[in-house]
Amino acid sequence: MSRLIVPLGLLSVLLTSTAILGEEISTDLLIVGGTESGCAAAASAARAGVKSIVLVNDIDWLGGQFSAEGLVAIDENRGPDGYGHGVPFPRSGLFREVIDRIEALNLEKYGKARPGNTRVITTCRPSDAEQVFRELLQSYVKSGQLKIISGMQPAVAIVEDERLRGMTFQSTGDTKLAPLTVKAKLTIDATDWGDVIKLSGAAYEFGPDLKSKYGEPLAPESREEYPVTDMNPITYCMVINETDTYEPIPAPPGYDARDYRSHSYPKDPLWLYESRRVIDHYNFKEVTHPDVLLLCFPAFDFPLDTWPQHINAALEATEQGASTRNIAELTPTQRQIVFDESKRYSLGFLHYLQTEVHDAMPDKTHSFRRFRLSDEFGTPDQLPPKPYVRESLRLKSMYMYKQQDTMGAGGRSTNFANVMPHDGLFAWQFEFDFHPTRRDFFTDEGNKGPWMASFRSLRTWGPPYSGRALFPIRSLVPESLDGLLGAQKNLGYTSIVSSAVRLHDQSMAVGQGAGAVAAVSILNDCNPRDIPWSRSHLAQVWNALATTENGQMPQTLWPFGDLDPTHPAFVAVQQLAVRQILPMQPYEVDFRPNDPATFEWQAEILRRSFLCKDVAPGITDPQNDVTRAEFAMYWWKRIARQPELEFDNSHPGDRDADGIPDIEDPLPYSAASSTWPEFKLPEDQDGIPEDVEGKVQHINFAGANVRKVDGFLHDAGQPFDAQRGFGWSRDISANSRKRDRLDEIPRDTFLFTRSDDIWTMNLPNGTYHVTVCVGDSGHEQFGQNVTVNGSPLMRDVRTETGWFLEKSMEVEVTDGKLTIEIGMIDSNTNTCINWVQVQPVNH
């Protein structure tokens, strides 16, 4: 049985159009959307051997966030150290290729590969990024393998026997232009708003997920404060060029300065100027091009939860009830009403900077009045063709990827994630990052008056961060409909996870992965939903991604932090790791390629290999005096062509027979809830005092009412007392905490300071081995400092929730006193001391 799924709003157009008589073409793979994800999917599928690919785009620009959305400060994977500390694992895959091309073009045009000065690493001009994406695809276009069609948007889904067979498109401009029908074996939805998913009838979700649905730690309990219209906001970015004139842009219609005054930006907004310099000729002598800035700030983020009165009216004029729907449910015409208002709001912010803020600046050298909107987009309003889209609808997929899957094992975001799925497609890490999602009207005028964007509790930017995670193939595949894969931000994850998987590099990795999955599906004549249950098909996907064939940059399949894709062992290590052949703990996030490959390590690799590869017994010889990298290359070369041992699929629906249906099971081939069921914290980070022989004193720091621990002196924060023999330089007894998170009191309790405090203990003169433990079982703590007898022991230490740091040093006591200073003068972060261990050293 076949059917056309047609939105009611398009029915009259189709009935009176030559749509039914329009052009029809057939292809292997149809990609809808010229976003960065769509472009990556096209390149990936072409490289993997798909012979015929059609990419249909609604505008002329390619590149999505990099170009058409104007987000030219390129954001990418980031760990808990935050901006300015590089990336948690090296750039790779098509993203690396694009970045290398962008930086080469920057060097040629502006004299410096990284001419910007922002919190991110690489910046680019939007038109330069578009050029790079077009050049990336040009060889496939030239060979006839890829056809790119612009100016067409999806209108009708062609579904037959629960399979998407193709799409009909209509022109975005010329209504007299005949529609186009593309029949395809497989379709990838890389659109901004999941238009193909919606038209196809595939199940999807939108808005905040309540805790009762997926059990996520950050999910809200009630719908009352979290309407289904709540989404990560859109923003119309602005790219502005420095000039020699001081002339503000005209005020947009309906301009109200109160919209922007409410954000309380400083009168001298130099920090605003400095935070998004795409080109900075003031600080880089080799750059002669005038400054180019990106404006993309919460001050003009555009929330989507509720609308100003005139937008309500405009939406209702198109269709009754339209003003109460989630933006993902709106038609393109209705969304354009929202987009036009968001444009107006962005232009109003620039006008505000160029007038009121300019007038208040004591030094106008870097006034925004000196800047003009860039004309490179070719649009009448000089704004990007599209808004920056942070969140789309979410595909209801074979598995919905959840926050708890992504959190670092043991509660530590520097670790690998709790769940490293068997069908991992690409590696990622970021904070759970919502921009302000609530529109607050703050005068008696209500929704007819000014407003500001504000945060909802739980839906803010980080921390927490995810761990170093793997995205599962199952979350690209619809729950039931065949012939379709999600890409860009139309994926099978929760709203919370969507806030962390939306960056430039991640969206490209999604597309590259989707292209590889599509290729394996097409070339093997199988459904994408079959691939996660087949080791041989998974291997084909991984081989397509992590390869150096034809000079391509291999994609990261396992997020080791110390192995660049150009390393000769990279492919071998990635292939072994994604199969979970390499023995490791979740905190071993570096591969350490130059470490010796011990016989024990080699033996464990061989043992694990036999579990997933049909390895011949004759190739199990150990290697002497080799590094881990050398052994990985040797072993992968020996087993790469050996057949994969297939999974046990004798119980479809619950493959591991753990009582959890596969559709709800993050690890469908393991009864464990985590990839690391036997994981234990490292001994110097578990907060448990080491058993020490001989004379030793243990001191526990806790509140006065906390149960005393056998073998420990109890310090409750009182001032030093000579009779007691220890105490503080002042009373800090109010600074005690017991979290009730851990059974062992010595690590579940602590005293803390936000400045600096000194603890003293009377001791006979001599040498002592002193161990100090800091940390918090209930919260992440940053910037902790400990000094022992004047010597630094810890500086700027971060401990994550439930993790600790134990450090030791030998101390010479010459005046009968041991001193431990926690915190530092002028500090504004907590230092949390759990316990101290003091042992005489007999030389």
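Since the structure is predicted, the reported quantities are computational estimates derived from the model, not experimental observations.

**A look at the overall build of the protein**
Of the regular secondary structure elements, the protein holds 18 helices and 31 strands. Computed over its C-alpha atoms, the radius of gyration of the protein comes to 29 Å, within 12% of the 28 Å expected for a compact globule of 843 residues. By its C-alpha atoms, the protein is 95 × 80 × 55 Å across when sized along the principal axes. Every one of the 843 residues in the protein was classed for burial, and the buried ones make up 60%. Pairs at least 24 apart in sequence give 74% of the contacts found in the protein among residues at least 6 apart. As presented, the protein carries roughly 32700 Å² of accessible surface, and 50% of it is formed by carbon and sulfur atoms.

**Details of the state of the cysteines**
Covalent bonding between the sulfur atoms of two cysteines is what defines a disulfide. Under the criterion given, the structure shown has 0 disulfides. This cysteine, C773, is not joined by any disulfide, and C832 carries the nearest cysteine sulfur, 11 Å off. Overall, C773 belongs to the buried group, its relative accessible area being 0%.

**Comments concerning the sheet that holds strand β30 (residues 817-823)**
Taken together, the 5 strands give an open sheet; going across it, the order is β22-β25-β30-β27-β28, and neighbouring strands pair in antiparallel fashion. Single-partner strands in this sheet number two, and they are β22 (726-728) and β28 (791-799). Across the sheet, the axes of successive neighbouring strands diverge by a mean angle of 15°, strand direction being ignored. In the sheet, β22 pairs with strand β25 (residues 756-762) via 3 bridges, with the strands oriented antiparallel. Across the sheet, the residue bridging to F726 is M761, located in β25.

**A few points about the confidence of the model for the protein**
Scored by pLDDT, the protein has a mean of 93; 95% of the residues are at 70 or more. Confidence drops under pLDDT 50 across residues 8-21; counting only partners more than four residues distant or on other chains, this segment forms 11 contacts.

**Comments concerning the packing of aromatic side chains**
Tallying each qualifying case throughout the model produces 40 aromatic pairs. Their ring planes at 15° and their centres at 4.1 Å tell us that Y345 and W451 sit as a pair that is stacked. In this pair, Y345 is assigned in helix α10 (residues 332-360) and W451 in strand β17 (residues 451-454), connecting sequence segments 106 residues apart. The pair Y345 / W451 is uniform in exposure class, with both members buried. Between Y401 and W428 the ring centres are 6.3 Å apart and the planes differ by 80°, which places this aromatic pair in the edge-to-face class.

**Regarding the sheet that holds strand β13 (residues 371-373)**
Spatial strand order, β4-β11-β12-β10-β13: 5 strands in an open sheet with antiparallel pairing. Two strands lie at the open edges of the sheet, namely β4 (117-118) and β13, each paired on one side alone. Across 2 bridges, β4 lies against strand β11 (residues 276-279) in antiparallel orientation. By the bridge assignment, N117 is partnered in β11 with R277.

**Brief notes about the side chain of T122**
Looking at the element boundaries, T122 is found in the loop between β4 and α4 (126-142). With a relative accessible area of 0%, T122 lands in the buried category. A polar contact is formed between the side chain of T122 and the side chain of R91, at a distance of 3.0 Å. Polar side-chain contacts of T122 include one of 2.6 Å to the side chain of E103. Leave out the neighbours within four places in its chain, and T122 touches V72, A73, I74, R91, I99, I102, E103 and R114.

**Things to note about the environment of M398**
Summarising the element assignment, M398 is placed in the loop between β14 (394-395) and α11 (403-406). In this structure the C-alpha to C-alpha distance between M398 and D625, which are 227 residues apart in sequence, comes to 45 Å. If we skip the residues at most four places from it in the chain, M398 touches R474, V477, P478, E479, R529, P532, W533, D662 and I663.

**Looking at the pattern of salt bridges**
For the structure on display, the rule yields 51 salt bridges. A salt bridge links D128 to K109; the shortest N-O distance between them is 2.7 Å. Of this pair, D128 sits in helix α4 while K109 sits in helix α3 (residues 93-110), and the two are 19 residues apart along the sequence. On the basis of relative accessibility, which here comes to 3%, the residue D128 falls in the buried class. When its relative accessible area of 44% is taken as the criterion, K109 is described as partly exposed. Bridged by salt links that share partners, the residues E205, D209, K213, E391, R394 and K396 form one connected network.

**Focus on the pairing of β11**
Here β11 runs beside strand β12 (residues 292-295); their pairing, made up of 2 bridges, is antiparallel. Counted as the bridge partner of I279 is V292 from β12.

**A look at a negative patch on the surface**
A surface patch of like charges, here negative, comprises E683, D684, E690 and D691. Of the residues examined, D684 reaches a relative accessible area of 37% and is grouped as partly exposed.

**Considerations on the nonpolar core**
The biggest cluster of nonpolar side chains holds 134 residues, and the ones touching the most others in it are L29 and L582. The dominant element in this core, judged by the number of residues it contributes, is helix α13 (residues 504-524), at 10 residues. L582 has contacts with F560, V573, L576, A577, F591, W601, I605 and R608, leaving out every residue within four places of it along the chain. Membership of the second largest hydrophobic core comes to 42 residues, among which are L272, Y273, L293 and L373.

**Thoughts on unusual backbone geometry**
Of note, the phi angle at E162 is positive, near 60°, even though the residue is not glycine. Its place among the elements puts E162 in the loop between β6 (152-160) and β7 (163-171). On the basis of relative accessibility, which here comes to 46%, the residue E162 falls in the partly exposed class. In this model, Q488 sits at a positive phi of 50°, which is unusual for a non-glycine residue.

The rules we used
- Residues numbered from 1 in each chain as written.
- Predicted model: local features only at pLDDT ≥ 70, side-chain atom pairs only at ≥ 80, totals over all residues.
- Heavy atoms only, no water.
- Helix = DSSP H or I, 4+ residues; strand = E, 2+ residues; numbered from the N terminus.
- Rg over C-alpha atoms; globule rule 2.2 N^0.38 Å.
- Buried < 20%, exposed > 50% of the residue type's maximum accessible area, 1.4 Å probe, protein only.
- Contact = heavy atoms within 4.5 Å.
- Areas by Shrake-Rupley, 256 points an atom, 1.4 Å probe, with all protein chains shown as cover.
- Disulfide = S-S within 2.5 Å.
- Pairing = 2+ DSSP bridges.
- Axes fitted to C-alpha atoms, helices over the stretch in contact; angles between N-to-C directions.
- pLDDT = per-residue confidence, 0-100.
- Phe/Tyr/Trp six-rings, centres within 6.5 Å; stacked < 30°, edge-to-face > 60°.
- Polar contact = N/O pair within 3.5 Å; in protein donor to acceptor, adjacent residues only side chain to side chain.
- Salt bridge = Lys/Arg side-chain N within 4 Å of Asp/Glu carboxyl O.
- Patch = residues over 30% accessible without salt bridge, like charges linked within 9 Å, V, L, I, M, F, W, Y side chains within 5 Å.
- Lys, Arg positive; Asp, Glu negative; His and termini not counted.
- Charge placed at Lys NZ, Arg CZ, Asp CG, Glu CD.
- Core = buried A, V, L, I, M, F, W, Y, C linked by side-chain atoms within 4.5 Å.

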